[in-house]
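Below, each chain spelled out in residue letters.
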Amino acid sequence: MAILDWFNQKQEQQRKQSKGVQSERTKSSKARQPKKQTAQQTEVAENKEEIKKPLKLGEEVVGVKNTLTAGFQHIIHSAYITEKTTNMQPMGKYVFRIFPTANSTQVANAIKAIYKVHVRNVHIITLPEKRVRRGRYTATRTRYPKAIVTLKQGETIEVVPN
């Protein structure tokens, strides 16, 4: 029996010690100091903050394909360059592909801000869908609307840089 008592006492001492260690761990975790960030972690955190910032109209964005400014990248898709549209340029009319949700006032404001010109008129042309066949199945292919922008007389836009 003495051996069992000694064994039980030993287990109780271990329990008390482990409880003391756990309570010290919980105390230290409550008063935990923030970890110091490395230079790479701070750069990543700064980049995340930059990404989360909302874009303002007219603010330039690095990496946008068609060199438009940030606030207007969901209004104007690209310049629509064909032989017919290049023949319209001496008359002060320029054609752009726009997104389906854009209206004429948004297009006019975007052109004013991007190219720093005075817009006199904007006509939006909604192109019809094209029927496409894939074997025996037919489908429709949606098309972007076009905006014909008329500028104030004497003003020009360099649509395609040299």
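Preceding this section is the structure that the text describes.
Thresholds applied
Residues numbered from 1 in each chain as written. Predicted model: local features only at pLDDT ≥ 70, side-chain atom pairs only at ≥ 80, totals over all residues. Heavy atoms only, no water. Helix = DSSP H or I, 4+ residues; strand = E, 2+ residues; numbered from the N terminus. Buried < 20%, exposed > 50% of the residue type's maximum accessible area, 1.4 Å probe, protein only. Contact = heavy atoms within 4.5 Å. Areas by Shrake-Rupley, 256 points an atom, 1.4 Å probe, with all protein chains shown as cover. Expected span 1.5 Å × (residues − 1). Arc of directions from axis to C-beta. Core = buried A, V, L, I, M, F, W, Y, C linked by side-chain atoms within 4.5 Å. Pairing = 2+ DSSP bridges. Axes fitted to C-alpha atoms, helices over the stretch in contact; angles between N-to-C directions. Patch = residues over 30% accessible without salt bridge, like charges linked within 9 Å, V, L, I, M, F, W, Y side chains within 5 Å. Salt bridge = Lys/Arg side-chain N within 4 Å of Asp/Glu carboxyl O. Lys, Arg positive; Asp, Glu negative; His and termini not counted. Charge placed at Lys NZ, Arg CZ, Asp CG, Glu CD.

A.B. asks: I would appreciate a short explanation of the overall build of the protein in the present structure.
C.D. replies: Looking only at helices and strands, the protein has four helices and six strands in total. For the protein, the succession of helices and strands along the chain, N to C, is α-α-β-α-β-α-β-β-β-β. For the protein, buried positions account for 21% of its 162 residues. Residue pairs in contact within the protein that sit at least 24 positions apart in sequence constitute 53% of those at least 6 positions apart. Counting every atom, the protein has about 13,600 Å² of accessible surface; 51% of that belongs to carbon and sulfur.

A.B. asks: Where do I start with helix H4 (residues 104-115) in this structure?
C.D. replies: Quick reminder: α-helices carry 3.6 residues per turn. Residues three or four places apart thus point the same way. Between the first and last C-alpha of H4 there are 16 Å, a value that for twelve residues agrees with the 16 Å anticipated at 1.5 Å per step. Within the span of H4, buried status applies to Val107, Ala108, Ala110, Ile111 and Ile114. Buried residues along H4 cover an arc of 165 degrees about the axis, so they all sit on one side. In this structure, the buried residues of H4 make contact with strand E1 (76-79), strand E2 (93-98), strand E3 (119-125) and strand E6 (146-151).

A.B. asks: Which parts of the structure should I look at to understand the nonpolar core?
C.D. replies: Nonpolar side chains in soluble globular proteins tend to end up buried together. Membership of the largest hydrophobic core comes to 20 residues, with the highest contact counts inside it found for Val107, Ile111, Val149, Leu151 and Ile157. At the level of elements, E2, H4, E3 and E6 are the ones that each hand at least two residues to this core. A total of five residues in this core trace back to one element, the largest contributor, which is H4. When neighbours within four sequence positions are excluded, Leu151 is seen to be in contact with Gly92, Tyr94, Ile111, Val117, His118, Val119, Arg120, Thr156 and Ile157.

A.B. asks: Would you mind going over the sheet that holds E1 with me for this structure?
C.D. replies: In a beta sheet, neighbouring strands are held together by backbone hydrogen bonds and run either parallel or antiparallel to one another. Strand order across the open sheet formed by four strands is E1-E2-E6-E3, with antiparallel pairing between neighbours. Either end of the sheet is taken by a strand with one partner, and the two such strands are E1 and E3. Neighbour-to-neighbour, the strand axes of the sheet open up by a mean angle of 30 degrees, direction not taken into account. Relative to E6, E3 runs antiparallel, the two sharing six bridges. From the neighbouring strand, Val122 faces E6, where its bridge partner is Val149. Sheet strands in contact with H4 are E1, E2, E3 and E6, and its direction is about 130 degrees off that of E3.

A.B. asks: I would appreciate a short explanation of the environment of Arg97 in the present structure.
C.D. replies: Looking at where Arg97 falls in the secondary structure, it is placed in strand E2. Residue Arg97 is classed as partly exposed on the basis of its relative accessible area, which comes to 25%. Sequence-distant contacts of Arg97, that is, excluding residues within four places in its chain, are made with Ile76, His77, Ser78, Tyr80, Tyr144 and Pro145.

A.B. asks: Looking at this model, I keep getting lost on a positive patch on the surface. Mind explaining?
C.D. replies: The grouping of Lys130, Arg134, Arg141 and Arg143 at the surface amounts to a positive patch. Summarising the element assignment, Arg143 is placed in the loop between strand E5 (137-141) and E6.

A.B. asks: Even after reading the chapter, I still don't get unusual backbone geometry, so can you show me in this structure?
C.D. replies: For residues that are not glycine, phi is negative in most cases, and the peptide bond is trans in most cases. The phi dihedral of Lys116 is positive, around 55 degrees, even though this residue is not glycine. Within the secondary structure, Lys116 sits in the loop between H4 and E3. Accessibility expressed as a relative area gives 68% for Lys116, which makes it exposed.

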